[in-house]
Amino acid sequence: MLDRIAKGLQAQFDKHRIVFWYDPAREFREAFEGVELDGVEKIELANTEFAVKHRILREAPKKRFLIYREGPRPADIDNWLLDVELAHGVFKTDQIAIWLTELGLPVSFEELVREHQEFFRSSRRMEKLKAAIRGDDTKPILRLRILGLCVGADGGFDTVVETLLAEHAEGKDDGLRLIGRVGLDGFLWDQMARIFGYRAPKPSISDFAITLFKSSYQSAVGGEPILTSDALVFFRRWKNNRNAEAAFAKLSADSAEVLGIAEDLPRRDFRTLIEMDYFEEVDRAIIRALVHEVSAQTVAQSNVLSWIRQRRQSHWYGAYRDLYEAVGFAAEFQQAMAQVTLGMTSLTEGVQRYAKSWFRIDQLYRKFIWHMQKSGQATLMRELYEQIENHYVNSYLLRLNDAWQAHVDAADRWSAPPIPAQRSFYREHAGEFRRRDQKICVIISDALRYEVAEELLGRIRSLDRYEAGIEPMLGSLPSYTQLGMASLLPNGDLKLADNDTATVLANGQSSQGLENRKKILATGRSGDRTTAVKAEDLMGMDKDQARALIRDHDVVYVYHNLIDAIGDKLVSEDRVFEAAEDTIEEIVRLVKKLNGANANNLIVTADHGFIYQHRPIEESDFSSAQVEGDTIFFRDRRFVLGQGLKGNHGLRRFTPEQVNLQGSVEMLIVKSINRLRRQGAGSRFVHGGATLQEIVVPVVKINKKRQSDTSAVEVEIIGSSKQMITSSQIAVRFYQVTTVTEKTQARQLRAGIYAQSGELISDSHELVFDIRSDNARERELPVRFLLSRQADAFNGQEVILKLEERHGETSHFREYRTARYMLRRSFSSDFDF
């Protein structure tokens, strides 16, 4: 007790030279006599007021005095030291007074402390309040600080409510019960009513949460909100707070059930819901509507992509990303199909048109199927899937390759000048670097179809300082692995073995297996140091081993096999598009690994492509043609090898001379996209034939520059010069100046309206500018800002709309762009704080 009294007295002497101590119950004489304070003279009043006054004011005007009076304080009219007391301090020894003294609060706060004295009984809470308190705190502000400490919230009233909501979501009420114990529950609900407009006969956090969701939902769908606009600003900030994700999701689900959101949404036009993400059910409703509309082709592709882009800001987007992506690719597929013409006049034109634009339809189909598979929502997507699948197979894949087959049938030789043949790869591409005495690394990915390689091209080009280009080769026939791999090696003489192995011989040497390919590679250019490795072995090397590999060799072939390994098996062929996605990622890692080992020139290519239909193959997809010949060496889904073979309506016969091979082995190629029956083999993923998807082989050339060559798109604020804000909300349009490309990349910004002091006075928006459209109007992004109650304090002043950009992966932001507005709202607020 003596120690606390000493601390309380010391706090008084920190402010005053003279301190009076009245002891009305005559219980602190022992404490008075026992307390010792440095530099303080103790005086007891015993009818000696005039002498004391002379002592403290005349004799020692700078000395500090503790003046003690045993008994009650005299009435003012009888108090001869009243003037001195009023000019200095009074120390009280009841518990309330001690708390006031400890906190450095004036007597005017006595009733507040008495009302909430349960709070002050905890020394831990007292220490925290002491650290938080400010000299100019008003009573409402002090109550707010106490409220925050009760729930462990650091900030204003909004953070108190967020904490209470989080506690409620976890099924707890510790903070709320403490608020009740310390007598602040009335204050809490008064502020809820004053700030958010929440009033209820029996207020509770549970009821407030439901009311908050209901009010925000009604406001979003055009109804009258129940709560104030400040409640909506709070709601949006809370929703967008990453730390509150779990609480928001839980209370959203609970409120959706109570409010019957799932029953209400079907009567809403999904277009009115695009900007709202208050309930997970909203995303489901929008996706269901988009699937139906895109299936029926009743909405424009640009609108679909715009809506999906807006939904990326949704709280629930991560859970439904694949469904949104699938719908977006479906819309792009339909647009591409509506614009495509599939005619050609020659093999050359067919390859050129495929490499320029037709490949994109295969790519869009693949991306749609892949995201649909990832979503796991086959039932939901069935209507759209059936439409896309039928359109792809019957209107594109079959029609295109039937048209192409006419030129294949008419060709005397398998060539399409000036498109280089795959057999010339080593001479034309790898040799190009060796003739300049430059090292070259070649990554050969089995079944890397042209459209997959084109997506890889975009990924490579998006990397800083990487440049890349793509061109087609005419793949060898039949388009199967052994011949494709042999065609990429040095090959003066290339022939098929006249047995049932389908082995390919290069200059008499078998090309099957890594060691044989190493031997053939060594025959390329006299003096070249060559080798070949498997991709997994390269990735397993440490930095020194990888650098030694490049240092000690002029030509390095890296063999990668994922698409073919997955697709060529009956049990896994339906995962081939997943393998394509993984292949892109793995090749990017291979490119970085090789570049880090000082390989500056790289080529990515393939042995062949493939055709794939997701749905099971129907009877009509199998060729009815009979395979006939003197000797049948090898038979696959898409080709036959033998001697004395006979072509017919379903099979095109080629001699080895016609396909630029040596030897005597002939071949039958199944026409268009049909398959031959083969026991136990997969039939959806096939290659070996002559379709464009199988024989247009990609060559991706990659090199790394010395200087950075990537940038982010610029963003402008449209029409922002000195506009007025006259209400509680303002609509602003942002403009993405250029389209997103591989080298001009997306930009993510945070937008909000701030007072000049730096205080946020509106809701805040995370905006992503990643639009690829060439149409300038489609690169505009409208955003509506709601002003908070704090904005009232800045009425009549200039405020600032700020666009801020995150610094790397940190929590820090830098200012990107600003616009100034004059705030002239026609009302004022009566908030105390």
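Our subject is the structure that appears above.
Predicted, not measured: the structure shown is a model, and the values here were computed from it. (Residues numbered from 1 in each chain as written. Predicted model: local features only at pLDDT ≥ 70, side-chain atom pairs only at ≥ 80, totals over all residues. Heavy atoms only, no water.)

Visitor: For the overall build of the protein chain, give the residues involved together with the corresponding values.
Guide: Counting its secondary structure elements, the protein chain contains 30 helices and 29 strands. For the protein chain, the C-alpha radius of gyration of 40 Å lies well beyond 28 Å, the compact-globule estimate for 833 residues. Counting all 833 residues of the protein chain, 54% fall into the buried class. The long-range fraction of contacts in the protein chain, counting pairs at least 24 apart against all pairs at least 6 apart in sequence, stands at 71%. (Helix = DSSP H or I, 4+ residues; strand = E, 2+ residues; numbered from the N terminus. Rg over C-alpha atoms; globule rule 2.2 N^0.38 Å. Buried < 20%, exposed > 50% of the residue type's maximum accessible area, 1.4 Å probe, protein only. Contact = heavy atoms within 4.5 Å.)

Visitor: Let's hear about the pairing of strand S5 (residues 440–445): which residues, and what values?
Guide: The element S5 is largely enclosed, with a buried count of six among its six residues. The side-chain alternation of S5 yields two buried faces, one formed by Ile440, Val442 and Ile444 and the other by Cys441, Ile443 and Ser445. Across six bridges, the pairing between S5 and strand S11 (residues 555–560) is parallel. Bridging from a neighbouring strand, cysteine 441 pairs with valine 556 of S11. The pairing of S5 with strand S12 (residues 601–605) spans four bridges and is parallel. Its bridge partner lying in S12, isoleucine 443 is registered against valine 604. (Pairing = 2+ DSSP bridges.)

Visitor: Which residues make up the sheet that holds strand S8 (residues 504–506), and what are the values?
Guide: Read from one edge of the open sheet, three strands run S7-S8-S9, paired in antiparallel fashion. Either end of the sheet is taken by a strand with one partner, and the two such strands are strand S7 (494–496) and strand S9 (509–510). Across two bridges, S8 lies against S9 in antiparallel orientation. Residue pairing for S9: alanine 506 is matched across the bridge by glutamine 509.

Visitor: Talk me through unusual backbone geometry; I want residue IDs and the actual numbers.
Guide: At the junction of proline 417 and proline 418, the peptide bond is cis and its omega measures out at 10° in the coordinates. Look at the link from leucine 477 to proline 478: it is a cis peptide, with omega at -5°. With respect to the element layout, proline 478 can be found in the loop between strand S6 (466–474) and helix H24 (481–487). Unlike most non-glycine residues, aspartate 437 shows phi in positive territory, near 60°. With respect to the helices and strands, the residue aspartate 437 is situated in the loop between helix H22 (425–434) and S5.

Visitor: Give a description of the sheet that holds S12 that names residues and reports values.
Guide: Across the sheet, which stays open at both edges, the six strands sit in the order S6-S19-S12-S5-S11-S10 with mixed pairing between neighbours. The open sheet has two free edges, formed respectively by S6 and strand S10 (530–534), since each of these has just one partner strand. Averaged over all pairs of adjacent strands, the angle between their axes in this sheet comes to 20°, without regard to strand direction. Packed on one face of the sheet, H22 meets S5, S6, S11, S12 and strand S19 (696–704) and runs near 165° to S12. (Axes fitted to C-alpha atoms, helices over the stretch in contact; angles between N-to-C directions.)

Visitor: Please give an account of helix H12 (residues 185–196) that cites residues and values.
Guide: In this model, H12 (12 residues) spans 16 Å end to end at C-alpha, consistent with the 16 Å of a helix rising 1.5 Å per residue. Among the residues of H12, Phe187, Leu188, Trp189, Gln191, Met192, Ala193, Ile195 and Phe196 are the ones counted as buried. Those residues of H12 that are buried lie in contact with helix H9 (139–151), helix H10 (157–169), helix H11 (174–181), helix H13 (205–220) and helix H14 (229–240). Looking at the residues trailing H12, positive phi occurs at glycine 197, about 75°. (Expected span 1.5 Å × (residues − 1).)

Visitor: I'd like a description of the nonpolar core, backed by residues and values.
Guide: Core analysis: the biggest nonpolar cluster contains 208 residues, and Trp238, Phe368, Tyr396 and Tyr557 have the highest contact counts within it. Looking at which element gives the most residues to this core, the answer is helix H20 (residues 347–375), with 13 residues. Aside from chain neighbours lying at most four places away, what touches tryptophan 238 is Glu162, Leu165, Leu212, Phe213, Ala244, Ala247, Phe248 and Leu251. Among the nonpolar cores identified, the runner-up in size contains 28 residues, and Ile717, Phe734, Ala755 and Phe769 belong to it. (Core = buried A, V, L, I, M, F, W, Y, C linked by side-chain atoms within 4.5 Å.)

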